[in-house]
Amino acid sequence: MTAPSQELHFADAGEAADLAAFLARLIHYDRAAAVRLQAGGGVLAVFGRPPSFEVLAIRTARLEAIVGTEAAPDTPHTPNTPHTSAGAAGGAGALDTTVSAGEFADALDTARAARTTDGSESRDRGLVVTVPQAVTGPPWAGVLPPRGGWRRVTGPPGVDEVRGAVAAAVAEFRARDAALPEERRTRAERDRIGHEIWSRTLGDTGLPLRAVHAAQSLGFLRPVRAAAPAATGHGSGVATAAPEPLALLAAGGWLRLRTPYGSIAVRTQGLSGGLSGLSVTPV
């Protein structure tokens with residue numbers, strides 16, 4: 001009998017391509033990266049943790065359905081027979097699993113290649129991707145931000161100012177590294193300088209610079225496309241003329257930088273309760 005699996009029916013192949021690019025960036029920082037997948041309300045949320053940033057990165061994409069496949073017990077050698085699962089519309093609890101980032105990226109690439117080969121690209125905007133088998137998740141995968149209770153806090157400056165802050169911090173690190181005498185140019189000393197710089201906050205927001213550095217490195221601060229769909233799962237999925245560039249939210253001891261292309265979440269002091277998972281629905 002074949003083990004049951006699930007298929008994700010993406011509403012937009014372009015969003016699936018953006019998700020594949022996000023996974024590629026995570027793998028760049030950690031070839032053995034794992035990601036936690038959660039679906040609800042017609043949206044898939046993918047959680048990852050690039051190790052050098054000490055933050056949680058989230059990318060979402062809209063779903064049309066989640067379809068389960070399983071082999072009938074009395075016909076173990078026949079092809080898997082698809083059936084619509086209880087969470088076919090992406091309802092609460094439809095999907096919650098941790099998988100290899102590399103295997104999920106491969107599944108997305110395979111589905112995109114097959115779609116191009118069979119000529120379906122012009123007929124169907126969506127994409128069907130098989131969810132890889134679950135893996136044992138790293139510790140961070142069990143401690144996600146709260147589902148609700150998010151409130152706006154003093155917002156970050158504009159995208160240009162945020163990019164400028166990252167560029168200034170990178171330039172400072174390089175200058176201080178270059179100024180180190182040879183006998184002190186060690187990994188420990190460089191780590192100390194980096195920790196000092198990236199632990200600073202962005203203005204008076206309380207958001208550590210490492211969070212905006214992660215947003216920049218993962219492609220979340222790139223220019224906003226005109227009429228871009230709400231690809232981060234914080235909108236209705238309907239195209240909008242001018243998506244909100246940046247927003248800063250707080251809940252349950254977490255801060256979250258939300259952009260049109262993904263979110264970065266960090267734990268703050270005084271963490272308390274509500275660690276059942278980040279909402280993938282609008283705040």
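All of the points below concern the structure found in this document.

Rules of the game
Residues numbered from 1 in each chain as written. Predicted model: local features only at pLDDT ≥ 70, side-chain atom pairs only at ≥ 80, totals over all residues. Heavy atoms only, no water. Helix = DSSP H or I, 4+ residues; strand = E, 2+ residues; numbered from the N terminus. Buried < 20%, exposed > 50% of the residue type's maximum accessible area, 1.4 Å probe, protein only. Phe/Tyr/Trp six-rings, centres within 6.5 Å; stacked < 30°, edge-to-face > 60°. Lys NZ or Arg CZ within 6 Å of the ring centre and 35° of its normal. Pairing = 2+ DSSP bridges.

Some remarks on the side chain of Arg62
1) Next: Its location among the elements puts Arg62 in strand E4 (residues 56-70).
2) Next: By relative accessible area, which is 17% here, Arg62 ends up buried.

Thoughts on the packing of aromatic side chains
1) Next: For the structure on display, the rule yields two aromatic pairs.
2) Next: Their ring planes at 80 degrees and their centres at 5.3 Å tell us that Tyr29 and Phe53 sit as a pair that is edge-to-face. Of the two residues, Tyr29 is situated in helix H1 (residues 13-29) and Phe53 in the loop between strand E3 (43-48) and E4; the sequence distance between them amounts to 24 residues.
3) Next: For Phe53, a relative accessible area of 5% puts it in the buried group.
4) Next: Note that Arg222 overlies the ring of Tyr261, its terminal NZ or CZ placed 3.7 Å from the centroid.
5) Next: Seen from the ring of Trp150, Arg256 lies directly overhead, with NZ or CZ sitting 4.9 Å from the centre.

Some words on the pairing of strand E2 (residues 34-40)
1) Next: Among the seven residues of E2, seven are classified as buried, and the element is accordingly described as predominantly covered.
2) Next: Neither face of E2 is left uncovered, since the one carrying Ala34, Arg36, Gln38 and Gly40 and the one carrying Val35, Leu37 and Ala39 both have all their residues buried.
3) Next: Summarising the sheet, E2 and strand E6 (residues 95-100) pair through six bridges and their orientation is antiparallel. When the bridges of E6 are listed, Leu37 appears paired with Thr97.
4) Next: Both E2 and E3 contribute to a ladder of five bridges, which runs antiparallel. Bridging from a neighbouring strand, Leu37 pairs with Val46 of E3.

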